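One letter stands for each residue in the lines below.
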Amino acid sequence: MSKHLRVGMVGYKFMGKAHSNAYRSLPMFFPSAPLQPEMSVICGRNEQGVQEAANQFGWSESVTDWRELVKRDDIDLIDINAPSDAHKEIAIEAARQGKHLFCEKPLALSLADSREMLQAAEEAGIAHMVGFNYRFSPAVQLAKDLVQSGRLGKIYHFRAFFLQDWIMDPSFPLVWRLQKEVAGSGSHGDLGAHLIDLARFLVGEFKEVIGMSETFIKERPLASEMTGLSAKGSTTSDAPKGEVTVDDATLFLAKFADGALGSFEATRFAAGHRSTNSFEINGSLGSVRFDFERMNELEVYFTKDEEDVQGFRRVLATDPAHKYAEAWWPAGHTIGFEHTFTHEMLELVTAISEGRQPSPSFHDGVACQAVLEAVERSIDERRWVSLEEM
């Protein structure tokens, strides 16, 4: 393969902008990356919209038919960040055409669909990656090192919550993220999927789960325009409405294979929380706390500290000792949300160059989907559900 990785991307809104920025940033900040992305073709259904995105983001060409895109000989990688209901069809056809795959989470609408995607990718012998970008925060990587090295001892607890408030207004329109046939699930699959992946990454595999969920607003005005997490629609009392078919909030408990206990909460109805993605891990020798709203920091506590100085310390994960940090700015000069995608793309191009699967791969996407569906089954049947059932 040449030094350049020729990318065709399907989707051009919220995640499309994030991925485009990552592709553009990678050569500047990681010049020694074994492959450099070439932003060849961006694809979307609206011809004018996708052309404007191509001009704004820096893509060489725009098209409206993903089926033609995946067949092109001048494309090496297909990046899928379209709505969830499109993931399976695009990924399977792209795999058949021998294209490497990057797909946003959740991998598919169902566990069965995600397994089909994995099978197609494995049979094609291509690289496949799923977009769990929060893994790639230097502070999260530090937490991983502390767990993996044993510095926190035996892990007892993992607790996590992802809290947002952007749909609390009952007049907020019925966007695609609130429709099960397009999104698969609501806060559970959108926000909870990230928590599940972080738990698997940091603590290990799930053993069993039990959960509950609620949809607080049952109907909403139909949307006339959608962009990212914003939308427009009629606010009059007689405006046509549609049914909300996903959860607004889901909470669940978990037991991990190694004996640790977990608690998880994902909601879009937490007033004052714009995007609070947080976890805490408690072990026999210490604890760590992370909040993505302060993503450069990891709070760390060790039980072996002298009694008079015990307590959580704030570690600013911007020193050269912290993963990825040396590529950016001098110590103390923080990074942001967009940088996690650049780190994600670095892992992708490195894995392709080395002939291995990136991490997280579609295997991780399937594992996450299994937990998501185990929780849903638990809610439906009001019982603990083992992951072995899935």
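Residues numbered from 1 in each chain as written. Predicted model: local features only at pLDDT ≥ 70, side-chain atom pairs only at ≥ 80, totals over all residues. Heavy atoms only, no water.

- An unreviewed UniProt entry lists the chain under the name Dehydrogenase, from Paenibacillus amylolyticus.

## A short note on the nonpolar core
Item 1. Within the largest apolar cluster, 112 residues are counted, with the highest numbers of intra-cluster contacts made by Ile 78, Phe 158, Phe 206, Phe 264, Phe 279 and Ile 281.
Item 2. Once you skip the residues sitting within four places of it in the chain, Ile 281 turns out to touch Val 147, Leu 152, Ile 155, His 157, Phe 158, Leu 202, Val 203, Gly 286, Ser 287 and Val 288.
Item 3. Counting ten residues, the second largest nonpolar core, distinct from the first, contains Trp 166, Leu 178, Ile 217 and Phe 269. (Core = buried A, V, L, I, M, F, W, Y, C linked by side-chain atoms within 4.5 Å. Buried < 20%, exposed > 50% of the residue type's maximum accessible area, 1.4 Å probe, protein only. Contact = heavy atoms within 4.5 Å.)

## Some remarks on the pattern of salt bridges
Item 1. One pass over the full model with this rule turns up 27 salt bridges.
Item 2. Its salt-bridge partner being Arg 135, residue Asp 197 comes within 2.7 Å of it at the nearest N-O pair. In this pair, Asp 197 sits in helix α8 (residues 187–202) while Arg 135 sits in the loop between β6 (128–131) and α6 (138–148), placing the two residues 62 residues apart along the sequence. Of the two residues, Asp 197 and Arg 135, both sit in the buried class. (Salt bridge = Lys/Arg side-chain N within 4 Å of Asp/Glu carboxyl O. Helix = DSSP H or I, 4+ residues; strand = E, 2+ residues; numbered from the N terminus.)

## Overview of the pairing of strand β2 (residues 36–43)
Item 1. Taken across its eight residues, β2 has seven buried, putting it largely inside the fold.
Item 2. Running through helix α1 (residues 14–29), the crossover from strand β1 (residues 4–10) to the neighbouring parallel element β2 is right-handed.
Item 3. Judged from the three bridges that link them, β2 and strand β3 (residues 61–63) form a sheet pairing that is parallel. By the bridge assignment for β3, Cys 43 is matched with Val 63. (Right-handed = clockwise from strand over helix to strand, strands pointing away. Pairing = 2+ DSSP bridges.)

## Here we look at the pairing of strand β15 (residues 276–283)
Item 1. β15 sits mainly inside the fold: eight of its eight residues count as buried.
Item 2. Neither face of β15 is open: one carries Thr 276, Ser 278, Glu 280 and Asn 282, the other Asn 277, Phe 279, Ile 281 and Gly 283, and all of them are buried.
Item 3. Two strands pair when backbone bridges link them, and strand β7 (residues 155–163) and β15 are joined in this way by eight bridges, in the antiparallel orientation. Looking across to β15, one finds that Arg 159 is bridged to Glu 280.
Item 4. Sheet topology note: the β15/strand β16 (residues 286–291) ladder contains five bridges and is antiparallel. Looking across to β16, one finds that Ser 278 is bridged to Asp 291.

## Section: the environment of Glu 388
Item 1. By the secondary structure assignment, Glu 388 is in the segment after β19 (385–386).
Item 2. In this structure the C-alpha to C-alpha distance between Glu 388 and Asp 85, which are 303 residues apart in sequence, comes to 26 Å.

## Things to note about the sheet that holds β3
Item 1. The parallel open sheet is built from six strands, whose spatial order is β3-β2-β1-β4-β5-β6. Of all strands in the sheet, those bounded by a partner on one side alone are β3 and β6. Within the sheet, the average angular offset between the axes of one strand and its neighbour, ignoring direction, is 25°.
Item 2. Along the sheet face, α1 touches β1, β2, β4 (77–80) and β5 (100–104) and points at about 155° away from the line of β2. (Axes fitted to C-alpha atoms, helices over the stretch in contact; angles between N-to-C directions.)

## Brief notes about the sheet that holds β16
Item 1. An order of β18-β17-β16-β15-β7-β14-β13-β8-β19 is seen for the nine strands of this open sheet, with the pairing classed as mixed. In this open sheet, the two edge strands, each paired with only one partner strand, are β18 (313–316) and β19.
Item 2. Judged from the two bridges that link them, strand β8 (residues 206–214) and β19 form a sheet pairing that is antiparallel. Considered in β19, the bridge of Glu 208 is made with Ser 386.
Item 3. The strands touched by helix α10 (residues 362–381) are β8, β13 (249–256) and β19; relative to β8, the strand with the most contacts, the crossing angle is about 55°.

## Topic: the state of the cysteines
Item 1. Following the criterion strictly, the structure yields zero disulfides and no others.
Item 2. You can see Cys 43 has no disulfide; the closest cysteine sulfur is in Cys 103, sitting 14 Å from it.
Item 3. Not engaged in a disulfide, the cysteine Cys 368 finds its nearest cysteine sulfur in Cys 103; these two sulfurs lie 12 Å apart. (Disulfide = S-S within 2.5 Å.)

## Observations regarding the packing of helix α4 (residues 87–96) against helix α5 (residues 111–124)
Item 1. Between α4 and α5, the shortest axis-to-axis distance is 9 Å and the interhelical angle comes to 10°. Of the possible angle classes, the one that applies to α4 and α5 is roughly parallel. In terms of crossing hand, the pair formed by α4 and α5 is left-handed. Taking contact as the criterion, the partners of His 87, Lys 88, Ala 91, Ile 92 and Ala 95 in α4 are, on α5, Asp 113, Glu 116, Met 117, Ala 120, Ala 121 and Ala 124.
Item 2. Partitioned by chemical class, the residues of the contact of α4 with α5 number seven nonpolar, one polar and three charged. (Parallel < 35°, antiparallel > 145°, perpendicular 65-115°, else oblique. Left-handed = near helix turned anticlockwise from the far one by under 90°. Nonpolar A, V, L, I, M, F, W, Y, C, P; charged D, E, K, R; others polar.)

## Thoughts on the side chain of His 100
Item 1. Among the structural elements, His 100 can be located in strand β5.
Item 2. Polar side-chain contacts of His 100 include one of 3.0 Å to the backbone nitrogen of Ala 127. (Polar contact = N/O pair within 3.5 Å; in protein donor to acceptor, adjacent residues only side chain to side chain.)

## Side note on empty space enclosed by the protein
Item 1. Applying the stated rule across the entire model yields one cavity of 30 Å³ or more.
Item 2. Here the largest cavity is characterised by a volume of approximately 50 Å³.
Item 3. Lining the largest cavity we find Pro 138, Ala 317, Thr 318, Ala 325, Trp 328, Trp 329, His 333 and Ile 335.
Item 4. A breakdown of the residues in the lining of the largest cavity according to their chemical character gives six nonpolar, two polar and no charged. (1 Å grid on protein atoms, 1.4 Å probe; cavity = no way out; pocket = protein on both sides within 12 Å on 5 of 7 lines; lining within 4 Å. Points joined across faces, edges and corners; volume = space filled by probe spheres on them.)

## Let's talk about unusual backbone geometry
Item 1. Between Lys 105 and the following residue, Pro 106, the backbone shows a cis peptide bond with an omega angle of -15°.
Item 2. By the element assignment, Pro 106 lies in the loop between β5 and α5.
Item 3. A cis amide bond links Ser 359 to the next residue, Pro 360, at an omega of 10°.
Item 4. Locating Pro 360 in the fold gives a position in the loop between α9 (337–354) and α10.
Item 5. Positive phi, close to 75°, is recorded for Tyr 324, a residue that is not glycine.
Item 6. Mapping Tyr 324 onto the fold places it in the loop between β18 and α9.

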